[in-house]
Amino acid sequence: MLPEVKISVRALVEYVYRSGSIDNKFRTATTLTEGTKAHKVIQSTYQETDQKEVFLKTELEYKEMIFIVEGRCDGLIVRYDELLIDEIKSTSRDLAEIKEDSNPVHWAQAKVYAYMYAKDHDLEEMSVQLTYIHVVTEELKKFQKRFSFQELKQFVEELVHDYYPYASLMNEHHIRRDQSIQDLQFPFEAYREGQRKLAGAIYKTIAEEKNIFANAPTGIGKTISTIFPTVKAMGEGKLERMFYLTAKTITRQTAEEAFSLMKNKGLCMSAVTLTAKEKICFKEETICQKEYCEFANGYYDRVNEALLDIFSNETFINRTMVEEYARKHTLCPFEFSLDLAFVADAIICDYNYIFDPKVSLKRFFDEHKRQSALLIDEAHNLVDRAREMFSAQLQKSSFLTLKREYKGTNLYESANKLNKYFIELKKKCSEKGHLVLKELQEDLIERLEQFVLSAESELLQQTKSTDQALLLDTYFAATGFCRIAKLYDERYVTYVEAEKNEVHIKMFCLDPSFLLRQTSKKFRATVYFSATLLPLQYFMNMLGGTPEDYTLSVPSPFSKEQTEVFIQPLSTRYHDRENTKKQIIEMLSTLVKERGGNYFIFFPSYQYMKSVYEDFTLNFPEIRTIIQNHRMSEMEREQFLEEFKAGNQDAFIGFAVLGGIFSEGVDLKGDRLNGVIVVGVGLPQLSLERNIMKDYFQATGKNGYDYAYTFPGINKVLQAGGRLIRSETDSGVIVLVDDRFLTEKYQRLLPNEWK
């Protein structure tokens, strides 16, 4: 039986016909926001005999492989005795600039559809039409060509010929991959307690196309326990790929280590790590224009050779490897990583590549997602991250500045209208300086859509990259706002805050559960896992869980004797902090002097932390300390953690912020960490947003205060305390500083091993 290669018309044509530079970012956004609308405008003019969105499929045999090519053509037009394939393209460019042969790739798509239809209906000739529509004016420009069936057949065969080397490489890889997975054993001598149970539950979830919420304690090896069964499911044909989603760089590294471990045990599988564009860009400024960036200029002329090169020689492709091959082939490393991800077996990336409607991986179609699994690490982080991804905000000052800079242009008028709109909003704000609106502000969206079109026109005319930074940023903010507006429902509010001359407006997603569920249900299976997915029902509600989803709670494999837990019943409420500061300092100094070793002390805010730190160091200068700063670089974070050295007999204290970069994802094994002190119950600061959330959840029948404050707060406490015990040999002390920890409510929220 010959191996089969399934590929869409679009993917086939784009692989072979890649040419030129990476488009400006705003051009991509244009296609996403206006493309569907433009297609519908043209398709609405079709006659009754015409068809739209026609599904076509064909098979071609080439060099002992079967190529299954499929896709949907935009239109099939019937005119007298002539049949016409219509390929629709929306554009912001002046139509006068578009000539008949300006875009060979557009003709290529249309010709493949024409071949497929002609083959199915035994036609000797077929006409194709390119229809360009301007997204602002809705002006049309059309080109037509007529081809014999033999011409179309020869053209498609040449496409397959050019695609064959890559398809053959991928086919050979999949054979090696599946064989290596069948032979792969668990990469450790034995499962830890609870590890086999977790791995088995993940495999069952994928096999049965379900979702699971798994609370699994730190130290059992959650990463390998989720990746290994997913790899096994892939080898049995249950999956084509997996996405390992994380919130932080350090947890991405843990996933990379798991794949490397399995590679050393014989696994042959391609895994790609995606790094944020701003971090991986080779240039001083992230400007994707051929005049500025040699890595963007001619990108598509070189990328196919690079793909063949890297997949012929590498399997686990991390940031360093992406950069190495990108420099070798003079490619944008970010775009190169996205192209690698499209064909890799595993993708390690941030949550936003899947869930953020403004930046998600649009190149992955639904048919790809149905054969993919999501592994969502530290899933407790996804609640607040999703809220932000599904929200959007704007500020008045951007439009005021653009109004002043672009006088005499179409952009001036649209920016001026928006500036006036913000002025009117400011007048409606209460004495407290804010306004909360439940309904979508349709008039604002209309103004923003006009601004987007004017900005696109202006950006297409500009050549100097440095002049358009504010315009580009505001353009993206406006397009993001318009995109989020399409999601707006009863789970949203719009709020306005006015301060001096600035006015902020935000469409705020109060409950992200519905949108998360809409995204995750497109995938075969979704695994939500964390060491602190507690309270479990809260996280199931907020992450879009249903009664049909599986749940799993793995008990801690560590003995209670490894951890001493104390509660210091002091008030850390805002108005009591000055009065209890001295007692906290005395407790801390006594603890570290008596026991020695390395300690973390976490505070609910920078201000509180700094206040205690200054007094502590003044009174106990002999005790070595270090303090977390705002916006630490990756190197500064590493240097901070390197201070926690094993075998330290003297006292050393790291002052850090609860919920910050050091309160989760930090792995200080052995006696690199001897104790954790958590000051406060982790409540988020009182704010307009949190109070709006509280009122919303209260109105939906839940405990609004718990959903907005208590549950997010206790999760930070659990995460910070979880830094202490990382293996069977670790031991130490946890001190919870707050009298509320003694109440029945908080006692119920603490894990059993802390009681």
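Residues numbered from 1 in each chain as written. Predicted model: local features only at pLDDT ≥ 70, side-chain atom pairs only at ≥ 80, totals over all residues. Heavy atoms only, no water.

Caption draft 1: View of the overall build of the chain. Helix and strand content of the chain: 26 helices and 24 strands. Taking 27 Å as the expected radius of gyration for a compact globule of 755 residues, we find that the chain reaches 29 Å, a close match to that expectation. Along the first, second and third principal axes, the C-alpha atoms of the chain reach 90 × 70 × 50 Å. Within the span of the chain, comprising 755 residues, buried residues form 57% of the whole. Restricting the contact set of the chain to residue pairs at least 6 apart, pairs at least 24 apart contribute 78%. Entry remark: accessible area of the chain is about 34100 Å², with carbon and sulfur atoms responsible for 46%. For the chain, the distance from the average site of its 98 positive side-chain charges to the average site of its 111 negative ones is 4 Å. (Helix = DSSP H or I, 4+ residues; strand = E, 2+ residues; numbered from the N terminus. Rg over C-alpha atoms; globule rule 2.2 N^0.38 Å. Buried < 20%, exposed > 50% of the residue type's maximum accessible area, 1.4 Å probe, protein only. Contact = heavy atoms within 4.5 Å. Areas by Shrake-Rupley, 256 points an atom, 1.4 Å probe, with all protein chains shown as cover. Lys, Arg positive; Asp, Glu negative; His and termini not counted. Charge placed at Lys NZ, Arg CZ, Asp CG, Glu CD.)

Caption draft 2: Inspection of the sheet that holds strand E14 (residues 434-437) at higher detail. Here we have four strands laid out as an open sheet, ordered E13-E16-E15-E14, and antiparallel in their pairing. Each of the sheet's edge strands pairs with one partner strand only, and the pair in question is strand E13 (392-395) and E14. Ignoring strand direction, the axes of neighbouring strands in this sheet form an average angle of 15 degrees. As paired strands, E14 and strand E15 (residues 492-499) are joined by four bridges and run antiparallel to one another. (Pairing = 2+ DSSP bridges. Axes fitted to C-alpha atoms, helices over the stretch in contact; angles between N-to-C directions.)

Caption draft 3: Local environment of the packing of aromatic side chains. Evaluated as defined, the whole model comprises 42 aromatic pairs. Relative to Tyr-164, the ring of Tyr-62 lies with its centre 5.4 Å away and its plane at 70 degrees, an arrangement referred to as edge-to-face. Taken together, the positions of Tyr-62 in strand E2 (residues 51-62) and Tyr-164 in helix H4 (residues 149-183) put the pair 102 residues apart, joining distant regions of the chain. Take Tyr-164: its relative accessible area is 17%, and that puts it in the buried class. Centroid distance Phe-603 to Tyr-608: 5.5 Å. Interplanar angle 70 degrees. Geometry classified as edge-to-face. The same class applies to Phe-603 as to Tyr-608, namely buried. Ring-pair connections join several aromatic residues into one group, and the members of that group are Tyr-538, Phe-539, Tyr-696, Phe-697, Tyr-707 and Phe-711. If you follow Lys-210 out to its NZ or CZ, it ends over the ring of Tyr-550, 6.0 Å from the centre. Sitting over the ring of Phe-514, Arg-491 keeps its end group 4.3 Å from the ring centre. (Phe/Tyr/Trp six-rings, centres within 6.5 Å; stacked < 30°, edge-to-face > 60°. Lys NZ or Arg CZ within 6 Å of the ring centre and 35° of its normal.)

Caption draft 4: Seen up close, the confidence of the model for the chain. Overall, the prediction assigns the chain a mean pLDDT of 92, with 96% of residues at 70 or greater. Low pLDDT, under 50, characterises residues 24-33; the stretch is placed with 25 contacts to residues that sit more than four places away or in other chains. (pLDDT = per-residue confidence, 0-100.)

Caption draft 5: The arrangement of the environment of Asn-691 in detail. If you trace the backbone, Asn-691 turns up in helix H24 (residues 688-699). C-alpha separation for the pair Asn-691 and Ala-708, spaced 17 residues apart in sequence, amounts to 7.4 Å. Excluding residues that lie within four positions of it along the chain, Asn-691 makes contacts with Leu-686 and Tyr-709.

Caption draft 6: Region of the structure containing a negative patch on the surface. Residues Glu-442, Asp-443, Glu-446 and Glu-449 make up a contiguous surface patch of negative charge. Within the element layout of this structure, Asp-443 appears in helix H17 (residues 442-461). According to the relative accessible area criterion, Asp-443 is partly exposed, its value standing at 35%. (Patch = residues over 30% accessible without salt bridge, like charges linked within 9 Å, V, L, I, M, F, W, Y side chains within 5 Å. Salt bridge = Lys/Arg side-chain N within 4 Å of Asp/Glu carboxyl O.)

Caption draft 7: Looking closely at the pairing of strand E11 (residues 346-350). Counted residue by residue, E11 has five buried out of five residues, so it is predominantly covered. Across five bridges, strand E8 (residues 241-246) lies against E11 in parallel orientation. Following the sheet pairing, Phe-243 is matched in E11 by Ile-347. Here strand E9 (residues 271-273) runs beside E11; their pairing, made up of three bridges, is parallel. Looking across to E11, one finds that Val-272 is bridged to Ile-347.

Caption draft 8: Here's a closer look at the side chain of Gln-441. Its location among the elements puts Gln-441 in the loop between E14 and H17. Residues within four places of Gln-441 in sequence aside, it is in contact with Tyr-421 and Thr-494.

Caption draft 9: Here's a closer look at helix H5 (residues 195-207). With 13 residues, H5 should cover 18 Å at 1.5 Å per step; its first-to-last C-alpha distance of 18 Å lies within 8% of that length. Of all the residues in H5, the buried ones are Gln-195, Leu-198, Ala-199, Ala-201, Ile-202, Thr-205 and Ile-206. Buried residues of H5, viewed axially, fall in a sector of 160 degrees; they line one side. Its buried side turned inward, H5 meets strand E7 (211-215), helix H6 (222-235), strand E12 (372-376), strand E17 (525-530) and strand E18 (550-553). Positive phi appears at Glu-209, one or two residues downstream of H5, with a value of about 55 degrees. (Expected span 1.5 Å × (residues − 1). Arc of directions from axis to C-beta.)

Caption draft 10: Structural detail: the nonpolar core. Phe-336, Phe-355, Leu-382, Leu-448 and Phe-600 are the most contacted members of the largest nonpolar core, which totals 182 residues. In terms of residue count, the dominant contributor to this core is H4 (twelve residues). (Core = buried A, V, L, I, M, F, W, Y, C linked by side-chain atoms within 4.5 Å.)

Caption draft 11: Representation of the state of the cysteines within the structure. Going through the model one piece at a time under the given rule, you end up with zero disulfides. With no disulfide partner, Cys-509 has as its closest neighbouring cysteine sulfur the one in Cys-482, 17 Å distant. On the basis of relative accessibility, which here comes to 0%, the residue Cys-509 falls in the buried class. (Disulfide = S-S within 2.5 Å.)

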